[in-house]
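# Breakdown of the fold
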Amino acid sequence: MFTASFLLSILLWTSSCQALEKFFGAVYEHAVILPDDTTTAPMSRQEALDLMNKNMDILEEAVKTAAQQGAHIIVTPEDGIYGWIFTRQTIYPFLEDIPDPDVNWIPCSDPERFGPADVQTRLSCMAKNNSIYVVGNIGDKKLCNRSDVGCPDDGQYNYNTAVVYDSNGKLVARYHKYNLFRGENQFNVPKEPEIVTFDTPFGKFGIFICFDILFYNPAVALVVEHNVDTILFPTAWMNLLPHLTAIEFHSAWAMGMGVNLLSANTHKNSMRMTGSGIFSPDKIVPYYYNMMNESGHLLISELNSHPRNSSTYYPIAWNLYASQIENFSSGSNVFNGYIFADKYTFTELKELNGDYSICQNDLCCHLTYTMVEKRNDEMFVFGVFNGLHTVEGKYYLQVCTMLKCQSMDFKSCGESVETAATKFKSFSISGNFSTSFVFPEVLLTNIHLAPDMFQVLKDGRLTSKSGISSHPLLSATLFGRWYQKDP
């Protein structure tokens, strides 16, 4: 005969394995405690552990708080445990050997199984003790020998690595960053891009790190080829206006790809690092952007486990509308300007309202707009870029954008500007894109997103909604990535 306690345990186990239609995700933006000097002599292992434990003390409090508030999973930032200013030699004491998740390992219960694993053990215990999935970013080392033609001179590969521990503390995912940002000379690039996914009762998850988001592998491949529902995204993002501010681009990427994106940024105002969020394709949920203080911040929100199954989600034919209309006038003042070294073709919005088309090569962008008031102290332009971007990486862009210039000088158009006073009653932007990967961005004055103030129609038009007229606008953009043409 079954006892009552046995039947209860079976019931609890069954309910825990049932698929959840919704879940609570959390991200923590962390003001990282940095080492004093890691550009000359390396620290001892104990000194490195002391520093990492100071950061993990803060992260552990965030994990506890998130779990107490019902979060199922929490993402912490890239570089959130030890920082980022290293040489190849000075990173050594911060690295650990992280095994493949197939080994079925709970570091919290068996810390010595794979040698010294102090950081892995602590992250595992955070997850296990609080019954929550925990995503961390640490350094992985893998020894190699001369038979490996790619083996570095010091005999080991160093990888910028994201790890995921489930609510039992088990290692369920390990991802090595593939697209390293300039200056990450302490790390190696994996020989092939890694596609890392894992299943949970609340959807299928994928993971990549920071600069990866701008490239097909692994970011787009996870969604298109492996059908993940939610992306986990540790990042150390330095904001670049007008198009690559963290909350602006990351929210747009989630919408354009049709997935949830849990984006956890580091916080360092002197390097313009801030901007975290919990983004979904059909709505903007909590986000954080703060250049006024140096403190961390926790975000928690409920999400659909399978966002593409939502009744409010629909695929977009990004070039449908623009390919069927005749071009408007290009205006009387067409000129060239630069955004992040990319040469744009611009036309000035000289009137209170208008219809404009502007083309570069075979990309034509179309704009219809009405301002609340045409101000004499602010200049807005409409622009197009269709070509190879070459600054911090090489990748093809197709961009249609309406934005405020820094001043009344044409040469300032495309330069960083954070405030505006001009309000728009309405706008509609479209383009005959050659790519199906387009990310819609609307940014308000003082770096605020515009939740519920714009929509993307099925035919590819980015259009304003009624609430937009009460908020000054910085920019409205369709940011396209033409992955097929990348070098």
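Going by what an unreviewed UniProt entry lists, the protein chain is known as CN hydrolase domain-containing protein and is assigned to Eleutherodactylus coqui. Within the UniProt record for the protein chain, the comment given under Sequence similarities (unreviewed entry) is "Belongs to the carbon-nitrogen hydrolase superfamily. BTD/VNN family."

### Here's the deal with the sheet that holds strand 15 (residues 342-348)
Strands sit in the order 14-15-18-19-25-21-22 across an open sheet of seven strands; the sheet is antiparallel. Looking along the sheet, the strands with just one partner apiece sit at the ends: strand 14 (334-339) and strand 22 (448-449). Here strand 15 pairs with strand 18 (residues 380-389) via four bridges, running antiparallel. For Phe346, the partnering residue across the bridge sits in strand 18 and is Gly383.

### Thoughts on helix 3 (residues 118-130)
Relative to the 18 Å expected for 13 residues at 1.5 Å per residue, helix 3 spans 18 Å between its end C-alpha atoms, a close match to the ideal helical length. Burial analysis of helix 3 places 10 of its 13 residues in the buried class, the great majority of the element. Regarding helix 3, the residues found buried are Val119, Gln120, Thr121, Arg122, Leu123, Ser124, Cys125, Met126, Ala127 and Asn130. Residues of helix 3 that are buried make contact with helix 2 (45-68), strand 3 (95-96), strand 4 (133-143) and strand 5 (156-165). The first or second residue beyond helix 3 is Ser131, which carries a positive phi of 50°.

### Describing the sheet that holds strand 23 (residues 454-456)
Pairing is antiparallel across the open sheet formed by five strands, whose spatial order is 16-17-20-24-23. In this open sheet, the two strands that pair with only one neighbour each are strand 16 (353-360) and strand 23. The average angle at which neighbouring strand axes cross in this sheet is 15°, direction not considered. When strand 23 meets strand 24 (residues 462-464), the two strands line up antiparallel, connected through three bridges. Across the sheet, residue Phe454 finds its bridge partner in strand 24, namely Ser464.

### Observations concerning the state of the cysteines
As enumerated under the stated definition, the model contains five disulfides in all. A sulfur-sulfur separation of 2.1 Å characterises the disulfide bridge that pairs Cys144 with Cys151. On the sign convention where negative means left-handed, the S-S torsion of about 75° between Cys144 and Cys151 marks this disulfide as right-handed. For the residue pair Cys144 and Cys151, the accessibility class agrees, reading buried in each case. The disulfide bridge from Cys365 ends at Cys400, spanning 1.9 Å between sulfur atoms. In this structure the cystine formed by Cys365 and Cys400 twists about its S-S bond by roughly -75°; its chirality is therefore left-handed. With a gap of 35 residues between them, Cys365 in strand 17 (residues 363-371) and Cys400 in strand 19 (residues 395-404) connect regions that are remote in the sequence. Judged by its relative accessible area of 0%, Cys365 falls in the buried class. Here Cys400 falls in the buried class, since its relative accessible area comes to 0%. Described in terms of the sequence order of its bonded cysteines, the disulfide pattern of the protein chain is 1-2, 3-4, 5-6, 7-8, 9-10.

Rules used throughout
Residues numbered from 1 in each chain as written. Predicted model: local features only at pLDDT ≥ 70, side-chain atom pairs only at ≥ 80, totals over all residues. Heavy atoms only, no water. UniProt positions renumbered as here; feature names shortened; annotations may be inferred. Pairing = 2+ DSSP bridges. Helix = DSSP H or I, 4+ residues; strand = E, 2+ residues; numbered from the N terminus. Expected span 1.5 Å × (residues − 1). Buried < 20%, exposed > 50% of the residue type's maximum accessible area, 1.4 Å probe, protein only. Contact = heavy atoms within 4.5 Å. Axes fitted to C-alpha atoms, helices over the stretch in contact; angles between N-to-C directions. Disulfide = S-S within 2.5 Å.

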